[in-house]
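Chain and residue survey
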Amino acid sequence: MAKADDAMITGAVGPEPGEIEDTTDLPAAAAAVVPAELVADSLRQYARARLAKTLSGDSGALPVILALVIISVAFEIWTQGLFLSPGNLVNLFIESMVFMTLGMAEIFVLLLGEIDLSAGYVLAVGAAITGILVQKPGPDWPWWLAVAFALVCCGATGAVWGTLVSRLHLPSFVVTLAGLLVMWGVMLVILGNAGGVSVASSVLPNQHVLYQIVNGNIPPLAGWIALAAIGALLGGLIWTRESGRRRRGLVAPPPGVTAVKIAFFVAAGIAVVAICNANRGALTRVVEGVPWVVPIVFVVLLVWILLLQRTRFGRYVYAIGGNPDAARRAGINLAAVRTWGFVLAAVTAGFSGVLYLSWQGGTSTNVNGGQYVLYGVAAAVIGGTSLFGGRGKIAQAVLGGLVIGAIYNGLYLQGVQVQWQLIATGVVLIGAVLVDTLSRRGTLSGSSTRI
Amino acid sequence: MNSNSDAQTSTVVSLPNLSSAAARPAGDDESLLRLRGIDKHFGPVQALYQVDLDLPAAQVTALCGDNGAGKSVLTKCIAGIHQPDHGEIFWEGRRVHIRGPRDASSFGIEIVYQDLALADNLDIVQNMFLGRERVQRMFLDEDSMERAAAETLKSLRVTTVRSIRQPVGSLSGGQRQAVAVARAVMWNSKLVILDEPTAALGVAQTQMVLDLVRRLKDHGLAVMVITHNLNDVFEVADRIAVLQLGRKVAEGVVSEFDRQSVVDFMTTGRSDR
């Protein structure tokens with residue numbers, strides 16, 4: 001019996017002889033529902049477990065990556081080499097940034113099992129407020145104060161929706177649908193009769209900074225140095241953390257898996273910087289370097305990952321999405337967490353409004369917030385976030401946003417009219433939900449294999 | 001029998017922060033929790049009449065009763081969710097008022113409800129610490145939580161889970177029950193109340209949960225099992241208390257009862273045997 005007591009449950013421990021065996025815990029079933037990196041001791045075992053999971057229907061991020069590859073190849077052939085040219089890829093990154101950040105905004109509320117339909121027009125209001133405040137003649141605020149004020153205003157609207165949903169128990173679908181209309185009206189009021197504002201002036205420093213967020217580039221050498229620094233820092237952090245956990249006998253993936261993971265991220269970073277650093281200017285004009293928006297969105301992504309994965313608040317967001325009753329009995333303040341979820345979603349949507357303003361060099365009453373919010377939800381769902389709460393990761397918005405951006409960009413390159421863009425995006429969205437639902441049905445427990 | 005060898009090894013391993021009171025005899029005034037003359041009514045409906053109940057440490061008390069006998073109301077009075085209209089509650093010999101669930105857990109009373117209250121999308125460690133996470137400089141202290149959870153599960157000899165980091169949704173019914181019980185005993189608890197712990201389980205998993213209940217007893221905890229499964233009662237209980245229509249109609253050590261007498265008490269309130 002001493003042997004049984006020595007057995008660590010943290011490892012992959014099978015039932016001890018003479019102990020009551022749990023008959024439902026058959027190896028095949030377990031292989032299908034337990035995350036592969038928890039049961040593997042080596043890279044080879046990990047690959048085998050991962051393959052077993054994929055075959056049993058839980059495919060993780062694979063379908064999105066596959067979809068991205070198929071879309072890229074198809075457009076590359078269709079546009080005869082234009083789609084994957086550096087200049088177009090940078091355009092694609094920039095366009096995707098708005099979809100990505102809107103997707104991040106939606107993930108905050110989707111994880112709670114709610115939805116925010118107002119995000120598109122919160123984006124529009126965020127862009128309008130920021131734009132108006134840096135006009136001269138006009139308020140002529142410093143750019144950072146204008147951005148901060150816009151984000152606070154957007155956050156306040158989120159607080160209103162969140163309070164109505166969490167304290168008065170109104171359905172979030174209806175509350176934020178009303179919010180969509182209200183914010184549409186608010187945007188029209190802010191922009192007034194002029195119908196739009198421009199921030200494309202190169203002589204007004206505050207407008208120039210805003211414009212440069214998306215349209216300005218980091219010098220190529222600085223881009224490489226920054227990538228090396230970030231790669232070394234984050235790679236080192238991940239490696240130290242996981243090897244430390246292995247040393248202390250805690251659950252951690254095998255060293256090979258950690259190394260492959262870090263190598264994958266570094267490779268992706270190198271690819272992005274290499275593409276952006278290629279000269280994409282026409283004729284004699286040199287345009288090169290990573291647009292500032294890329295590292296800015298990356299930092300926002302890291303902060304939100306930290307918040308959702310490493311703090312109590314984030315844990316409670318997942319708990320409420322998974323089982324609100326369990327969360328309530330555990331003493332979690334559901335109303336507060338839900339309200340903050342809506343606030344953070346609205347702040348993130350406002351932030352994507354600032355990116356939109358910079359990208360377009362201004363904003364107008366023509367912003368189609370209704371379409372943007374649907375792209376945001378689509379980015380989250382295509383990335384793999386569940387519409388029913390509790391399952392999803394903020395980083396999934398990146399892949400989902402890229403898919404939306406790629407369709408948008410590729411069809412635009414071909415001069416395909418907007419109606420076909422809409423139809424194509426809709427088909428991809430249905431495909432994503434289909435893959436999600438089928439894979440969930442394929443797994444045995446019917447629940448949560450992708451948290 | 002398997003449970004005997006379990007009992008011996010379990011006393012070697014001690015639960016964190018848990019004083020062993022395994023050898024304490026069960027007399028009336030020695031009981032961890034004593035209820036005296038508990039009355040509770042909701043409007044015109046009298047749910048409990050003058051209920052007395054003793055829950056001694058290191059013993060399993062089965063609370064039996066048909067539907068509507070008042071088992072849940074009595075449990076909720078102990079949990080602090082309901083306040084009794086009359087009657088006294090003694091905790092470790094002192095008269096106390098349990099005004100809310102927080103009071104109950106501060107005394108060391110934990111209740112495992114029938115639906116277990118687990119979040120399927122969170123892993124075992126996350127569920128065991130839900131609402132009481134350890135934090136270090138703003139961020140969750142995953143390492144220390146994982147270690148403490150592993151230790152508790154180990155001391156309860158829950159070793160069939162593949163990984164402590166797997167989502168609770170991927171566990172079997174018995175394992176889920178084990179996680180819920182482990183969560184309850186982690187917090188310095190002295191009394192654990194299990195509501196129908198085997199209701200939805202198959203034969204093997206029921207055995208696993210009953211073994212777990214015995215281990216709690218071996219750790220010196222008072223255990224109350226609410227059930228109408230008489231197999232469970234006679235397999236695991238040291239004492240039996242029977243409620244019928246809000247009255248306690250029988251209470252005593254298990255040897256004073258047999259199946260038929262328990263059924264008689266549950267249905268008619270008395271037994272001729």
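To be clear, the structure that these remarks concern was listed above.
Procedures and definitions
All chains use their own residue numbering, which begins from 1 and follows the written sequence. Think of it this way: whatever chain is written first is A, whatever ligand is written first is 1, and the rest follow in order. Reporting of local features is limited, given that this is a predicted model, to residues whose pLDDT is at least 70; pairs of side-chain atoms are given and counted only at 80 or more, and all residues count toward the totals for whole chains, interfaces and linings. Runs of E in the DSSP output that reach at least two residues are strands. Runs of H or I that reach at least four are helices, and both are numbered from the N terminus. Think of it as a crowd count around each C-beta: if 20 or more other C-beta atoms lie within 10 Å the residue is buried, if 12 or fewer it is exposed, and in between it is partly exposed, with C-beta placed from the backbone throughout. A pair of residues counts as a contact when their C-beta atoms, built from backbone coordinates, are within 7 Å of each other. In this analysis, strands are considered paired if DSSP registers two or more bridges between them. One less than the residue count of a helix, multiplied by 1.5 Å, gives the span that helix is expected to have.

This part takes up the overall build of chain A. The helix and strand tally for chain A stands at 19 helices and four strands. Within chain A, the fraction of its 451 residues that count as buried is 46%. Long-range pairs, those at least 24 residues apart, make up 75% of the contacts in chain A with a sequence separation of at least 6.

What follows concerns the overall build of chain B. A count of helical and extended segments in chain B gives nine helices and twelve strands. Once local pairs closer than 6 in sequence are excluded, the contacts in chain B between residues at least 24 apart make up 68%.

Residues and elements named next belong to chain B. Across the six residues that make up strand E3 (residues 60-65), a large majority, six, are buried. Going residue by residue along E3, you find Val-60, Ala-62 and Cys-64 tucked away on one face and Thr-61, Leu-63 and Gly-65 tucked away on the opposite face as well. Inspection of the sheet shows E3 paired to strand E10 (residues 222-226) by four bridges, in the parallel sense. What sits directly across from Thr-61, in E10, is Met-224. Note: E3 against strand E11 (residues 239-244), five bridges, orientation parallel. Opposite Thr-61, over in E11, you have Arg-239 as the bridge partner.

With that out of the way, let us pick up helix H2 (residues 71-79) of chain B. Within H2(B), burial applies to Lys71(B), Val73(B), Leu74(B), Cys77(B), Ile78(B) and Ala79(B). Two residues or fewer after H2(B) comes Gly80(B), characterised by a positive phi angle close to 85°.

To continue, consider helix H12 (residues 255-277) of chain A. Helix length check: H12(A), at 23 residues, gives a terminal C-alpha distance of 33 Å against a target of 33 Å (1.5 Å per residue), a fit within 8%. Buried residues of H12(A): Val257(A), Thr258(A), Val273(A), Cys276(A) and Asn277(A), and no others.

With that settled, consider unusual backbone geometry. Residue and element names in this part refer to chain A. Between Lys-136 and Pro-137 the backbone carries a cis peptide bond, its omega angle lying at 0°. Topologically, Pro-137 is positioned in the loop between helix H7 (119-133) and helix H8 (143-166). Of note in this structure, His-169 is not a glycine but carries a positive phi near 55°. Structurally, His-169 can be placed in the loop between H8 and helix H9 (172-191).

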